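This is what each chain is made of:
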Amino acid sequence: MYKTLIALFSLVLFTACSPEVGSKDWCEQLKEKPKGDWTANEATDYTKHCLFKSEDEE
């Protein structure tokens, strides 16, 4: 029981510290990650938010 609670708390803690998808920090973080390790969602979000950033997102 306690191991499950600790695991869930750790997951929430680490998720809360991640930069927001599409932010400059997130784009930089993903740029450093090997492209072979990207998920399909990360690749799509990177293309949308980092490569083809729209005027209203700036």
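Going by the structure above, here's the rest.
Here the residue numbering is sequential within each chain, running from 1 through the sequence in written order. Local features are withheld for residues below a pLDDT of 70 in this predicted model, meaning they are given only at 70 or higher, and side-chain atom pairs are given and counted only at 80 or more; totals for whole chains, interfaces and linings count all residues. To obtain the side-chain values, all non-hydrogen atoms of the structure were included, while hydrogens and water were left out.

**Focus on a nonpolar patch on the surface**
Patch definition: residues above 30% relative accessible area lacking any salt bridge, with like charges linked at up to 9 Å and the nonpolar side chains Val, Leu, Ile, Met, Phe, Trp and Tyr linked at up to 5 Å. What sets the accessible areas is the Shrake-Rupley method with a 1.4 Å probe; for residues, cover comes only from the shown protein chains. One speaks of a salt bridge when a side-chain nitrogen belonging to Lys or Arg is within 4 Å of a carboxyl oxygen belonging to Asp or Glu. On the surface, Met 1, Tyr 2, Leu 5 and Ile 6 cluster together into a nonpolar patch covering about 540 Å² of accessible area. Classification of Leu 5 by relative accessible area gives partly exposed; the value is 44%. Partly exposed residues are those whose accessible area sits between 20% and 50% of the maximum for their type, while under 20% is buried and over 50% is exposed, using a 1.4 Å probe and protein chains only.

**Notes on the state of the cysteines**
Two cysteine sulfurs form a disulfide in these notes if their separation is within 2.5 Å. All chains considered together, the criterion is met by one disulfide. What pairs with Cys 27 in a disulfide is Cys 50, and their sulfur atoms sit 1.8 Å apart. Disulfide Cys 27-Cys 50: the torsion about the S-S bond is -85 degrees, which places it as left-handed. Of the two residues, Cys 27 sits in helix α2 (residues 24-32) while Cys 50 sits in helix α3 (residues 40-51), which places them 23 residues apart along the sequence. Cys 27 sits in the buried class, given a relative accessible area of 11%. With a relative accessible area of 22%, Cys 50 lands in the partly exposed category. Each helix is a run of H or I in the DSSP string that is no shorter than four residues. Each strand is a run of E no shorter than two, and both are numbered from the N terminus.

**With respect to the pattern of salt bridges**
All told, the structure shown has two salt bridges when counted by the stated rule. For Lys 31, the salt bridge goes to Glu 28, with nearest N and O atoms at 3.6 Å. With Lys 31 and Glu 28 both in helix α2 and three residues apart, this pair spans about one turn of that helix. Using a relative accessible area of 38% as the deciding quantity, one classes Glu 28 as partly exposed. A salt bridge links Lys 33 to Glu 42; the shortest N-O distance between them is 3.1 Å. Residue classification places Lys 33 among the partly exposed residues on the basis of a relative accessible area of 27%. Using a relative accessible area of 19% as the deciding quantity, one classes Glu 42 as buried.

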